[in-house]
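# Coordinates in review
One letter stands for each residue in the lines below.
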Amino acid sequence: MDSLSLADRMKQYEQATRHTLPARTYTILRVDGRAFHSFLRHADRPFDGAVMAAMDATAAALCADISGAVFAYTQSDEISVLITDFGSAGTQQWFGGVVQKIASVSASVATMAFNAEYGHHYDGATATFDARVFTLPTPTEVANYFVWRQRDAIRNAISMAARAEFSHRELHQVSTATARALLLERGIHFDTYPAGARHGRLCTRTTREEDVTYTDRRTGTERTIRAARSRWETGPAPLFTADPDGPLIESIPAPGPRAA
């Protein structure tokens with residue numbers, strides 16, 4: 001019996017845990033800040049504008065890097081990106097659908113983007129992210145996923161607002177509805193906080209015409225023209241529903257052509 005070379009044997013070990021996502025499905029990538037409750041202990045309460053801006057920049061960086069990104073939803077210290085690979089029959093998955101590569105690269109992109117934008121380092125520590133990736137079968141289930149994450153966002157936001165005003169003892173075993181009522185008793189209307197803090201933010205691709213200045217290589221003269229520019233921009237998320245006629249479902253691409 002022929003024996004395997006050392007290289008072939010090592011590759012067999014690698015292949016045993018090499019998992020790939022099924023093609024032509026809806027993919028969800030979620031990155032989460034690692035131990036952010038400790039890292040951001042110096043942040044403003046209840047909502048820190050610099051942290052939110054850094055998370056928005058991170059979402060834009062992920063969408064710009066990920067082939068097939070549709071949009072990203074950001075809340076608290078997490079970002080969920082919807083990815084598809086059915087733009088055309090020949091569209092390929094990001095990193096061939098290899099789970100380890102998708103998760104590791106996206107966590108690296110998020111870590112670099114957040115730290116570059118946030119710029120604050122406490123006790124020599126920097127922010128880090130972890131990532132997970134999985135698939136969903138239908139547009140309705142994709143919508144349900146984002147409804148679920150937004151419900152979590154609203155609960156988190158109410159909790160953060162309450163913790164900024166009340167002690168841990170005062171909030172022990174207090175429901176979200178009661179926490180909101182307690183805030184109101186103190187004259188704090190939860191609905192007056194920024195919508196992006198309450199409902200999360202949505203990062204989408206926008207295209208607009210802009211003035212572009214360049215130097216003509218032949219003449220060396222500077223010229224300005226109008227050109228279409230595409231970029232990822234973030235704004236407050238609307239309230240999500242899984243309504244078949246709702247804006248969330250309409251923003252989710254229909255299943256595209258399958259490869260022949």
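The name an unreviewed UniProt entry gives the chain is tRNA(His) guanylyltransferase Thg1 family protein, with Nocardiopsis codii as the organism.

Per-residue pLDDT for the chain has a mean of 91; in total, 95% of the residues score no lower than 70. Per-element mean pLDDT across the chain ranges from 85 in strand β5 (residues 201-215) up to 98 in strand β3 (residues 78-83).

Now for the nonpolar core. In this structure, F36, L62, I66, I79, V81 and F114 are the most contacted members of the largest nonpolar core, which totals 31 residues. When contributions to this core are tallied by element, the ones reaching two or more residues are β1 (26-33), α2 (36-39), α3 (49-65), β2 (69-75), β3, α4 (99-118) and β4 (129-136). The leading source of residues in this core is α3, at seven residues. With 20 residues, the next largest nonpolar core counts V70, F86, L136 and F146 among its residues.

Below, the discussion takes up the packing of helix α5 (residues 139-163) against helix α6 (residues 176-185). Direction vectors running N to C along α5 and α6 enclose 45°, while the axes themselves pass 9 Å from each other. Overall, the two elements α5 and α6 adopt an arrangement that is oblique. In this structure, α5 crosses over α6, and the sense of that crossing is left-handed. Facing α5, whose interface residues are R155, I158, A161 and A162, α6 presents T176, A179, R180 and L183. Taken together, the residues of the contact of α5 with α6 sort by class into five nonpolar, one polar and two charged.

The rules behind the values
Residues numbered from 1 in each chain as written. Predicted model: local features only at pLDDT ≥ 70, side-chain atom pairs only at ≥ 80, totals over all residues. Heavy atoms only, no water. pLDDT = per-residue confidence, 0-100. Helix = DSSP H or I, 4+ residues; strand = E, 2+ residues; numbered from the N terminus. Core = buried A, V, L, I, M, F, W, Y, C linked by side-chain atoms within 4.5 Å. Buried < 20%, exposed > 50% of the residue type's maximum accessible area, 1.4 Å probe, protein only. Axes fitted to C-alpha atoms, helices over the stretch in contact; angles between N-to-C directions. Parallel < 35°, antiparallel > 145°, perpendicular 65-115°, else oblique. Left-handed = near helix turned anticlockwise from the far one by under 90°. Contact = heavy atoms within 4.5 Å. Nonpolar A, V, L, I, M, F, W, Y, C, P; charged D, E, K, R; others polar.

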